[in-house]
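Reading the structure
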Amino acid sequence: MNSASNVVQYGPPLSLNVARRIAAAAEAEAQRNGWPMVIAIMDSAANLVLLHKMDHAQTGSVAIAQAKAESTVRFKRPTKMFEEALTAGGINLRLLATDRACPLEGGLPVMMDGRLVGAIGVSGMQSTQDALVAATGVQAIGNN
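Quantities reported herein were computed from a predicted structural model and do not represent experimental measurements.

Notes on the overall build of the protein chain
Within the protein chain, the regular secondary structure consists of four helices and five strands. Secondary structure elements of the protein chain occur, N-terminal to C-terminal, as β-α-β-β-α-α-β-β-α. The C-alpha atoms of the protein chain give 15 Å as radius of gyration, which agrees with the globular expectation for 144 residues (15 Å, within 12%). Taking the principal axes of the C-alpha coordinates as reference, the protein chain spans close to 45 × 35 × 20 Å. Counted over contacts in the protein chain with a minimum sequence separation of 6, partners at least 24 positions apart contribute 65%. Mean positive and mean negative side-chain charge positions of the protein chain (12 and 11 charges, respectively) differ by 5 Å.

A word on the pairing of strand β5 (residues 115-123)
Taking burial as the measure, the nine residues of β5 include eight buried ones, the bulk of the element. Bridge count between strand β1 (residues 9-10) and β5: two bridges; the pairing is parallel. Paired with Y10 across the strands is L116, a residue of β5. Alignment of strand β2 (residues 38-43) against β5, held across six bridges, turns out to be antiparallel. When the sheet's bridge partners are listed, V38 is paired in β5 with S123. Where strand β4 (residues 107-112) hands over to β5, the hairpin turn is made up of two residues, of which D113 adopts a positive phi near 55°.

Quick look at the side chain of T79
Counting through the fold element by element, T79 comes out in the loop between α2 (60-75) and α3 (80-88). Its relative accessible area of 0% is what places T79 among the buried residues. Here G106 takes part through its backbone nitrogen, which lies 3.3 Å from a polar atom of the side chain of T79. Beyond its immediate chain neighbours, meaning those up to four positions away, T79 contacts K68, S71, T72, C102, P103, L104, E105, G106 and G107.

Each value, and the rule that gives it
Residues numbered from 1 in each chain as written. Predicted model: local features only at pLDDT ≥ 70, side-chain atom pairs only at ≥ 80, totals over all residues. Heavy atoms only, no water. Helix = DSSP H or I, 4+ residues; strand = E, 2+ residues; numbered from the N terminus. Rg over C-alpha atoms; globule rule 2.2 N^0.38 Å. Contact = heavy atoms within 4.5 Å. Lys, Arg positive; Asp, Glu negative; His and termini not counted. Charge placed at Lys NZ, Arg CZ, Asp CG, Glu CD. Buried < 20%, exposed > 50% of the residue type's maximum accessible area, 1.4 Å probe, protein only. Pairing = 2+ DSSP bridges. Polar contact = N/O pair within 3.5 Å; in protein donor to acceptor, adjacent residues only side chain to side chain.

Don't take any of this as a statement about function, it's just geometry.
Here it is as structure tokens:
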């Protein structure tokens, strides 16, 4: 098997319409749980498409949600991978020198036709809760 076939490719940037559908599903999940969240959605070039701050979400989460989405796009992977790498320690601590790699769970890629078209970053609660809300958003469009 050619290793190049495993490389995640960037696709065309997701549209505002798609970003709205993702954000709506993510917000509905956050509301079900009573979690005030910030939801950031970026396109495949790490440009902000949509930023949604729910009422009473902590203001510090605005920058963190954007950092999670940006990190996911730039490095083509969920931010949980960075969090796990730092937790493991050792040689993985070199991640601390990697600019714009956010090591907080809650950033997920948005895939369409097997290509990365954007990302969602969610912040406001514990990282596992942020990730649940992000995953719900991505599932709304059938991330594939």
